[in-house]
Amino acid sequence: MEIRQLRCFVTCVEAGSFTAAAELLYTTQSSVSKTIHAMEHELQTELFERTGRGIRLTARGQELYNYAVNVLDTMEQIEQLAGKSPVRSLKVSVNPSSWMEAAFTEFYERTYQKGDYYEYFEGNVRDVIERVQKGQDDLGFIYLLKEQSASAQFLMRKYQLQFEPLKKIQLMLYGGKKIGQFPPADGELRLVQGSQTEVRPEDVLRLGAIEGISLESPQTSVTTNSGSLLRHLLEHSDLWNLSSESLDGTYSGTEGILLEGKENEVVFGCVSRNEEQLGELEKEFIAYVKRKLENSKKE
């Protein structure tokens, strides 16, 4: 089996379809399809299930993917030993966070050198953990609620990952310009929630912690994977949003009501692989995030 075949296979997995992989590889869909078919013939097993929505790894395909990622990483290291200039790279995955978006942008502007390569992926807690475990990303940043902590910690132990807590914060009920109208006159609290957010209002919203408020159980009326739509709905509709407070305590544009108490505590932290040494950019980035957190003060 050739390295080019493994690169094609890994690209198909990460792109989610042969067509998308072909675009990334600057080739045709038929060429990608032929490469995968040749691999399946050589291995005498199916690597993908073809569905109407794209492709999905089989169990054997998942095994090959895990090996292929390691092989390609090793080849990259060998090429560097052969005298090729090493490429600095930083690949991180995060739970959706405007604070992390700003930190990543600032870090890029301060540290970029010619030839550097950066990746930034958003996903839920499980997505982030699994991407770090598979080597797709070097670092993962997640927000863990009390209800999630045990299952997430179990998953990280299973994958032999380490988790470094960086800051404890609280849940926040965001309302855009509607803060002064809380509680709603009709007694109904309707929410817009991000699809990557792990918060379940029925589990963690403790409105009793806010003095003088008594409302029916909140209803999630809109779920979206669009951060811009979520912010737009907060500003221009009767919807509210339940998520973590800002890591620096500032709420520009969208004000919120802090839900204090142990039951509403959120731990923000970093996920990484135990057995691997972080590269130059990874070390610089985690140090930069820590400095920003240490220097941040609530207004």
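This structure is a prediction, so every number in the text was calculated from the model and none was measured.

Parameters and conventions
Residues numbered from 1 in each chain as written. Predicted model: local features only at pLDDT ≥ 70, side-chain atom pairs only at ≥ 80, totals over all residues. Heavy atoms only, no water. Helix = DSSP H or I, 4+ residues; strand = E, 2+ residues; numbered from the N terminus. Contact = heavy atoms within 4.5 Å. Areas by Shrake-Rupley, 256 points an atom, 1.4 Å probe, with all protein chains shown as cover. Axes fitted to C-alpha atoms, helices over the stretch in contact; angles between N-to-C directions. Parallel < 35°, antiparallel > 145°, perpendicular 65-115°, else oblique. Nonpolar A, V, L, I, M, F, W, Y, C, P; charged D, E, K, R; others polar. Phe/Tyr/Trp six-rings, centres within 6.5 Å; stacked < 30°, edge-to-face > 60°. Lys NZ or Arg CZ within 6 Å of the ring centre and 35° of its normal. Polar contact = N/O pair within 3.5 Å; in protein donor to acceptor, adjacent residues only side chain to side chain. Buried < 20%, exposed > 50% of the residue type's maximum accessible area, 1.4 Å probe, protein only.

Chemist: Now, about the overall build of the chain: what can you tell me, with residues and values included?
Modeler: A tally of regular secondary structure across the chain gives ten helices and eleven strands. Put simply, 76% of the contacts in the chain that link residues at least 6 apart link residues at least 24 apart. About 16,800 Å² of surface is accessible on the chain, with carbon and sulfur atoms providing 47% of the total.

Chemist: Kindly report on the packing of helix H2 (residues 18-25) against helix H3 (residues 29-43), identifying the contributing residues and their values.
Modeler: Where H2 meets H3, the axes come as close as 8 Å, and the angle between the chain directions of the two elements is 110 degrees. For the element pair H2 / H3, the angle class is roughly perpendicular. Contacts from Phe18, Thr19, Ala22 and Leu25 in H2 reach Gln29, Val32, Ser33 and Ile36 in H3. Its residues placed into classes, the contact of H2 with H3 shows five nonpolar, three polar and no charged.

Chemist: Describe the packing of aromatic side chains, with residues and values.
Modeler: By the definition in use, this model includes 15 aromatic pairs. A ring pair is formed by Phe107 and Tyr288, whose centres lie 5.7 Å apart and whose planes are at 50 degrees; its orientation type is tilted. With Phe107 in helix H5 (residues 98-111) and Tyr288 in helix H10 (residues 280-295), this residue pair connects regions lying 181 residues apart in the sequence. Among the aromatic residues, those joined into a ring-pair cluster are Trp99, Phe104, Phe107, Tyr108, Tyr112, Tyr118, Tyr120, Phe141, Tyr143, Phe268, Phe285 and Tyr288. The aromatic ring of Phe121 is capped on one face by Arg131, whose charged end is 3.8 Å from the ring centroid. If you follow Lys178 out to its NZ or CZ, it ends over the ring of Trp240, 5.5 Å from the centre.

Chemist: Now, about the side chain of Arg88: what can you tell me, with residues and values included?
Modeler: Along the polypeptide, Arg88 turns up in the loop between helix H4 (59-81) and strand E3 (89-94). One polar contact links Arg88 to Asp116, side chain to side chain, over a distance of 2.7 Å.

Chemist: Can you tell me about unusual backbone geometry, naming the residues and giving the values?
Modeler: One non-glycine residue, Gln44, lies in the positive phi region at around 55 degrees. Mapped onto the secondary structure, Gln44 falls in the loop between H3 and strand E1 (48-51). Among the residues examined, Gln44 registers a relative accessible area of 73% and is labelled exposed. Its identity is not glycine, yet Gln160 carries a phi of approximately 60 degrees, on the positive side. With respect to the element layout, Gln160 can be found in the loop between helix H7 (146-158) and strand E6 (161-176).

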